[in-house]
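Structural overview for review
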Amino acid sequence: MKKQIILRKVSQKAVSVKAPISSPVFNTTIQFQVSGTVTDANGSPLPGASILEKGTTNGVQSDFDGNFSIELSDENATLVVSYIGFAEKEIVVNGQATVNVQLEESAQGLDEVVVVGYGVKKKATITGAISTVEGEEFDKSPVTNFSNSFAGRVSGLTVVTRSGEPGSDNSTIRIRGSNTLGDNSPLIVIDGIPNRDMNRLNPANIENITVLKDASAAIYGAQAANGVILITTKRGVEGKPEITVNVNTGLSSPTVLPNMADAATYAQMINELYAYDGIEPKYSEEDILRYRDGSDPWKYPNTDWYDETMKSEALMQTSSLELRGGSESLKYFVSVGTRYQDGIYKNSATSYNQTDFRSNLDGKISDNINLSIDISGRQENRNYPTRSAGTIFSMLMRSYPTTNAYWPNGLNGPDIANGNNPVVITTKQSGYNRIIDYVFQSNVKLNITFPWAKGLSFTGNVAYDKNIQNRKLWEKPWDLYTWDEETLDENDLPFLVKSQRGFPSPQLRQEMEDGKKVTINALLNYERSFSEKHNLGILLGSERLSGDQMNFWAFRKQFVSTTIDELFAGGENEKDNSGEASTSARLNYFGRVNYDFLNKYLFEFVWRYDGSYIFSEDQRFGFFPGVSLGWIASQENFWNNNLSFINYFKLRGSWGKTGNDRIDPYQFNSSYGFGTRNYVFGDEEKVLEELRVGNPNVTWEVANQFNIGLDGAIFESKLNFSMDYFYNYRTDILWQRNASVPQSTGLILPRENIGEVVNQGFDFLIGYNNSIGEFRYNLSLNGGYSNNHIKFWDETPGVPEYQRSTGRPMNAELNYNAIGVFEDQASLESYPHWEGAGPGDVIFEDVNEDGVIDGLDRVRSEKTEEPTFSGGLNMNLDWKNFYTSILFQWATGAERYSYVEFQGESGNYFAKDANGRWTEENPSATKARPWNRYFGYWRDQRNTYWLQNADYLRLKNLVIGYNLGGLEEVKKAGFEDFRIYFSGNNLITFDKLDDFDPESTSSNAYPLNKIYNLGISLTF
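Within every chain, residues take consecutive numbers counted from 1 along the sequence as written. For this predicted model, a pLDDT threshold of at least 70 governs which residues receive local features, and a threshold of 80 or more governs which side-chain atom pairs are given and counted, while totals over whole chains, interfaces and linings are taken from all residues. The basis for every side-chain value is the complete set of non-hydrogen atoms in the structure, without hydrogens or water.

Structural notes on helix H3 (residues 285-293)
Quick reminder of the rule: Remark: exposure states derive from per-residue accessible area (1.4 Å probe, protein chains only) relative to the maximum for the residue type, with buried under 20%, exposed over 50%, and partly exposed in between. Per the convention used, a helix needs a DSSP run of H or I reaching at least four residues, while a strand needs a run of E reaching at least two, with both numbered from the N terminus. Each direction from the helix axis to a C-beta atom contributes to the arc, which is the arc of those directions. The contact rule is simple, with two residues in contact once any of their heavy atoms fall within 4.5 Å.
Every buried residue of H3 is listed here: Asp-287, Ile-288 and Tyr-291. Viewed end-on, H3 has its buried residues packed into an arc of 95 degrees, placing them on one side of the element. Structural note: H3 exposes Glu-285 and Arg-292 on the side pointing more than 90 degrees away from its buried face. Buried positions along H3 lie against helix H2 (263-276). Just downstream of H3 lies Gly-294, where phi reads positive at about 70 degrees.

Here it is in structure tokens:
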């Protein structure tokens, strides 16, 4: 493919476009001026292309229409033109007023540099299973939690968000599914520093993200068994200062809320429940009629508790200000940002607010010495009511539609239990739970190249991270009002009795946590090419990580007033306090060897010798190697002669051994602690109790990871693809032998390295780029499938094969198989059933066909709450100044257990369970009769009646915008870029669930958010 630049002479009055590539060199003599347009093979402009005068720092970028203007020091100068995803090209001007140049698109942007462990590599020479995504993709999602923007964007990455509560909405991320019975979280590395938290990063600060999925992660050793996510933040570039302002304002609402039965239906179901138990009806026909017609809101309300408690939408706001630029001697990127998210409750006590800053500076001390200083920090303010989200949403489902949230005169209504009236406990009437986190992160990086040893360089990093958290839980009594449904006041209105709920008096608990981490590493890097055939890279490094953490809390109650919420104002009786501390340390030695011959035969070896404080001295260090091979077949002569329509094709294979030390520390020792059984012999004496029996042989989990993959591009590199198959075998998983050792022994056994798990599957990425006239489009489809099973762990001997967990997915549950509902007494007597069963009850399958329904009829499920196949379809479309981005995301293979305990006399029913339920008048129903709490065999025994398919397809992200940057009026106003846009998140969901989001697993969880956002972005 050919790309074209049209250069033509312009007058001295021409307006220059922006030049972020570099600042002009002031001692350069300007002799010649040219202008032009950067286009692709179809004549479409390439905005942001780099045009640089070779041998100087004089350069510019093309504008939105691909136009540029540059002053050259020589009419015979050479222009170096580059653009992401296209091969760089040099053009000799030769005094021409107009020059046409066409750039050739490079297959998959193979000249791009990709961040890997402790370094960077050309994409073409990568031999491992690595996925990369540019930071601008994540910035499209209007969310306040960075992890919420990952779903559907990276192949092989499973991302689920269980809660949408502001400040408590971290997504669960799995690289190629789950591989261990323990912690499956990946290692997060930010700007080269491991174990930093990514959830509250500002997406506008992200340059790119790399995911290491196979042996390439072995360089991180004992923390890399679950994969590694490398996050790189933006840095300065040579050029004039560039200021970017982003402002977003949005509204969030729940993706779905439960639809509960109305008052009349609930009353009817309670009557049916009573009749089933031979009890007189609680509600008369007149009562039910009044609940339905709303004629008496005092005595016969029809309360929609979700509507009374929750707003239709809540405010969200994000903003950022960036300064980027620099010279050859100093480059800088500085950013400040704010994020705010309100809770969905009316008069909400819930909110999240964040202020963050980042400064990345790169200085050139001399020709061979460079110094970088990175500083970032943020303050996170979380505000919650005194009741947790779990309690609130449990009470919302439990609250009777036959009681008032507020009385018609506006006073608080009664509670359902323990003072919990949802319209009250979501506000500050009960006090507040205030959490403030201060996060400071820094890194000083020194890079030295040795001119006397070509290709040899040294890099040293010192990072210091500090975290402080202050929490203040102020709980005070609140007032509710009840009515006996008879007594009236002097105005013939119901006489409401005020009563105090919650606590006898105000009480306060304050907590403080203080922690720090220090990371020091030194890297020696050697890169050389020999005879233009052999390319060698060697990395040797050592890293030391240390940290400590402490916390302290104090508690007082019996405050005489709610006016002063400080500890000194509390009573002296029943006050309490405590604290604890911990320390950690790791020491590692690692390395990497890269070699390629003729850029087509590729080899990589990585290793890490890892030491962890978690294990005893004899087991403290482990060796974790990884090796990978690659072959770029498309560079062979036979390929070009016979398969030239495939522009690029590479085969890859890898094996690696990584570790997992994410377990409780010091399990090699028996542990002791102060028990609750204190004795008094004159003075109080504390008793030291053994809490855990030690295992001196406890050691790492070991992950053997096998991967084979291929990368390719066809149709003049317009269609590119990458596919991988993996097989992970995890051994030495820590687990206890509780199942095979009878409880009657009284033994408290230590964890042992006995577990084994196999996880295998595939992931893929397919992309297509093209343009039709001024319409440009980029389509990509990614997905990942993983299927794990337990190969060995401690399991009760003698259980039937269909109940064994060995050979089935981790965390798979035992269920009775529900096969219908008993229609009548005849159907009940014709099939084995649980003792006490009756018409309208759920039928359990007699799995072993012994004529008895008991524990041997439970069957182990083949599914869990975790999806096995997930992915995304991403579409980026541009036409003239309009642009749009559409992301569909899906997940399949998960199931959701939707049992809710507090129903019947203790709470309301779901409308879906009420509609079409079994009654004597409707005996052929597929839904069971009304039930009461957990009473009844099909309520207190886990069974498939409550299991639901959690597969879904979601319009995860949508952006529709207009770029005014190409308008002449905007350019004259001094703006380089000016965009206005609408964006949304979780806009449409296709699933089979009625009352809950398919990503949530708890009926009491704060709902996920659907977001509508308007934004503006200015660059000048």
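A look at the sheet that holds strand E14 (residues 193-194)
The criterion, for reference: Strands are labelled as partners when DSSP assigns at least two bridges between them.
Strand order in the open sheet formed by five strands is E10-E15-E16-E13-E14, with mixed pairing between adjacent strands. With one partner strand each, in any of the chains shown, strand E10 (130-134) and E14 form the two edges of the open sheet. Alignment of strand E13 (residues 187-190) against E14, held across two bridges, turns out to be antiparallel. Paired with Ile-190 across the two strands is Ile-193, which belongs to E14.

Remarks on the pattern of salt bridges
So the rule is basically this: Just to be clear on terms, a salt bridge is a Lys or Arg side-chain nitrogen sitting within 4 Å of an Asp or Glu carboxyl oxygen.
Across all of its chains, the model carries 50 salt bridges by this definition. Between Asp-763 and Lys-213 there is a salt bridge, with its nearest N and O atoms 3.5 Å apart. Residue Asp-763 is found in strand E38 (residues 752-772), and its partner Lys-213 is found in the loop between strand E15 (206-212) and strand E16 (228-233); the two are separated by 550 residues along the sequence. The pair formed by Asp-763 and Lys-213 is uniform in burial state, with each residue classed as buried. A salt bridge links Arg-652 to Asp-724, with the nearest nitrogen and oxygen atoms 2.9 Å apart.

Section: the packing of aromatic side chains
Each aromatic ring pair is characterised by the separation of its centres together with the angle its planes make. For the record, the criterion: Note on aromatic contacts: the rings of Phe and Tyr and the six-membered ring of Trp form a pair at centre separations within 6.5 Å, being stacked when their planes are under 30 degrees apart, edge-to-face when over 60 apart, and tilted otherwise. Counted as over-ring charges are cases with an Arg CZ or a Lys NZ within 6 Å of the ring centre that also lie within 35 degrees of the ring normal.
Evaluation of the coordinates by the stated rule reveals 53 aromatic pairs. Ring centres of Phe-138 and Phe-150 lie 4.7 Å apart, and the angle between their planes is 50 degrees; this geometry places the pair in the tilted category. Taken together, the positions of Phe-138 in helix H1 (residues 135-138) and Phe-150 in the loop between H1 and strand E11 (157-160) put the pair twelve residues apart, joining distant regions of the chain. Judged on exposure class, the residue Phe-138 and its partner Phe-150 are both buried. Among the aromatic residues, those joined into a ring-pair cluster are Tyr-266, Tyr-400, Tyr-897, Tyr-899, Tyr-909, Trp-931, Trp-938, Tyr-945 and Trp-946. Geometry around Trp-735 places Arg-751 over its ring, the cationic atom sitting 5.8 Å from the centre.

Describing the UniProt feature "domain: TonB-dependent receptor plug" (unreviewed entry) in the chain
Defined as follows: UniProt positions are given in the numbering used here, feature names are shortened, and annotations may be inferred rather than shown by experiment.
UniProt tags residues 123-228 as "domain: TonB-dependent receptor plug" (unreviewed entry). Structurally, residues 123-228 is divided into 4% helix and 25% strand, and its ends, taken at the C-alpha atoms, are 18 Å apart.

A closer look at the nonpolar core
The cut-off we apply is this: Definition used in this section: a nonpolar core is a set of buried Ala, Val, Leu, Ile, Met, Phe, Trp, Tyr and Cys residues joined via side-chain atoms within 4.5 Å.
By size, the foremost hydrophobic cluster in this structure holds 30 residues, and its most contacted members are Ile-270, Tyr-283, Tyr-291, Phe-844, Tyr-909 and Trp-938. Only H2, H3, strand E42 (842-844) and helix H10 (937-940) provide two or more residues apiece to this core. The element contributing the most residues to this core is H2, with eight residues. Discounting chain neighbours no more than four positions away, the residues touching Tyr-283 are Tyr-266, Ala-267, Ile-270, Asn-271, Ile-288, Tyr-291 and Thr-402. The next biggest cluster of nonpolar side chains, apart from the first, holds 23 residues, and it includes Met-260, Ile-344, Phe-393 and Val-423.

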